[in-house]
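What follows is each chain in one-letter form.
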Amino acid sequence: VVSVHEEGFYAAPSSGKEAAADRVWVPLAGSENAQELLHAARLSLRCIEWIKFTLELLHAPTHGAGGDDKPDFYQLSRALKQGEVIDFFISHSWQDDGEAKFRILQGLSKSFFRRNGRFPTFWLDRACIDQSSITDGLRTLPVNLMACSRVLVLCGPTYSQRLWCAWELFTLFAFAPEEAAHRAVPAPLKTSDDTLGQLE
């Protein structure tokens, strides 16, 4: 859920009653110039390796749990190595089936390994943004997206209804209009096992 204002915008991972409690204020750049923002983004850029991925990462966040009870997914990610490029930015709706999304990632990762001799790296907000300073992470989200070779679009029933998902795609097509069609990898959650290897 995204609510835009002149000075910035509110972002929430869900809709309904939970959104009001979880929404985060993200100020627009203001006095922070583009170079400062880019520098901050590069310093904070992280990825998660496939071997670190768990099904829990793709399930919708639970609400009402105490802070100490929430898993620290950030520790699953790591900083990029010098010259490293993240393979896939994961664009998805938290409201869609986590198991179906995980199945897509499993098939994609196996296919990627067969072609490249290694498993892919991913950018996933839940693991690659420090949840203790989520505002900073969201402000640099366009840089994070453009730092990835491909954008994996996990299309479920609610994907087209999520403004945040639309904003991620808009960012890709706005910053790389000539490359966007190639860099975006649509992956409907009903993709058959036979065609998973064609997603790359």
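Up top you'll find the structure we're talking about.
The following paragraphs examine the structure supplied in this document. (Residues numbered from 1 in each chain as written. Predicted model: local features only at pLDDT ≥ 70, side-chain atom pairs only at ≥ 80, totals over all residues. Heavy atoms only, no water.)

1. Some details on the nonpolar core
Core analysis: the biggest nonpolar cluster contains 41 residues, and Phe-53, Leu-105, Phe-122, Trp-123 and Leu-152 have the highest contact counts within it. Among the elements that make up this core, the one with the highest residue count is helix H3 (residues 98-116) (six residues). (Core = buried A, V, L, I, M, F, W, Y, C linked by side-chain atoms within 4.5 Å. Buried < 20%, exposed > 50% of the residue type's maximum accessible area, 1.4 Å probe, protein only. Helix = DSSP H or I, 4+ residues; strand = E, 2+ residues; numbered from the N terminus.)

2. Concerning the sheet that holds strand S6 (residues 86-91)
Spatially, the six strands line up as an open sheet ordered S5-S4-S7-S6-S8-S9, and their pairing is mixed. The two strands at the open ends of the sheet, each matched to only one other strand, are strand S5 (78-79) and strand S9 (184-188). Bridge count between strand S8 (residues 148-155) and S9: five bridges; the pairing is parallel. The residue bridging Val-151 from the neighbouring strand is Ala-184, located in S9. Across the sheet, helix H7 (residues 163-175) lies against S6, S8 and S9, angled at about 140 degrees from S6, the strand it touches most. (Pairing = 2+ DSSP bridges. Contact = heavy atoms within 4.5 Å. Axes fitted to C-alpha atoms, helices over the stretch in contact; angles between N-to-C directions.)

3. Quick notes on the packing of aromatic side chains
Taken as a whole, this structure holds nine aromatic pairs when the rule is applied. Seen in terms of ring centroids, Trp-164 and Trp-167 are 5.2 Å apart; in terms of plane orientation they differ by 35 degrees. Their pairing is tilted. Of this pair, Trp-164 and Trp-167 both sit in helix H7, separated by three residues, roughly a single helical turn. Looking at Trp-164, the relative accessible area reads 14%, which means it is buried. (Phe/Tyr/Trp six-rings, centres within 6.5 Å; stacked < 30°, edge-to-face > 60°.)

4. Considering H3
Between its terminal C-alpha atoms H3 stretches 26 Å, which fits the 27 Å expected from 19 residues at 1.5 Å a residue. Along H3, the residues that are buried comprise Gly-98, Ala-100, Lys-101, Phe-102, Ile-104, Leu-105, Gly-107, Leu-108, Ser-109, Ser-111 and Phe-112. Turning to H3, the residues buried within the fold contact S6, strand S7 (121-123), S8 and S9. Among the residues of H3, the N-terminal cap falls to Asp-97, whose side-chain oxygen and the backbone nitrogen of Glu-99 are separated by 3.0 Å. (Expected span 1.5 Å × (residues − 1). Polar contact = N/O pair within 3.5 Å; in protein donor to acceptor, adjacent residues only side chain to side chain.)

5. Side note on the pattern of salt bridges
Pairing between side chains becomes possible if they bear opposite charge and their charged atoms approach one another. Under the definition given, this model contains four salt bridges. Arg-183 is the salt-bridge partner of Glu-179, the closest N and O atoms lying 3.4 Å from each other. By relative accessible area, which is 10% here, Arg-183 ends up buried. A single network of salt bridges, built from pairs that share partners, joins Glu-49, Arg-78 and Glu-84. (Salt bridge = Lys/Arg side-chain N within 4 Å of Asp/Glu carboxyl O.)

6. Notes on H7
The first and last C-alpha atoms of H7 sit 18 Å apart over 13 residues, in line with the 18 Å expected at 1.5 Å per residue. Along H7, the residues that are buried comprise Trp-164, Cys-165, Glu-168, Thr-171 and Leu-172. With its buried residues spanning 120 degrees around the axis, H7 presents them on a single face. (Arc of directions from axis to C-beta.)

7. Description of the environment of Phe-73
Within the fold, Phe-73 resides in the loop between strand S4 (46-49) and S5. Sequence separation of Phe-73 and Glu-56 is 17 residues, and the distance between their C-alpha atoms is 9.4 Å. Here Phe-73 is in contact with Glu-56, Leu-57, Arg-126 and Ala-127, once residues within four sequence places are set aside.

8. Structural notes on the pairing of S8
For S8, the buried fraction is high: six of the eight residues fall into the buried class. In this sheet, S8 lies alongside S6 in parallel orientation, the contact comprising five bridges. From the neighbouring strand, Ser-91 faces S8, where its bridge partner is Val-153.

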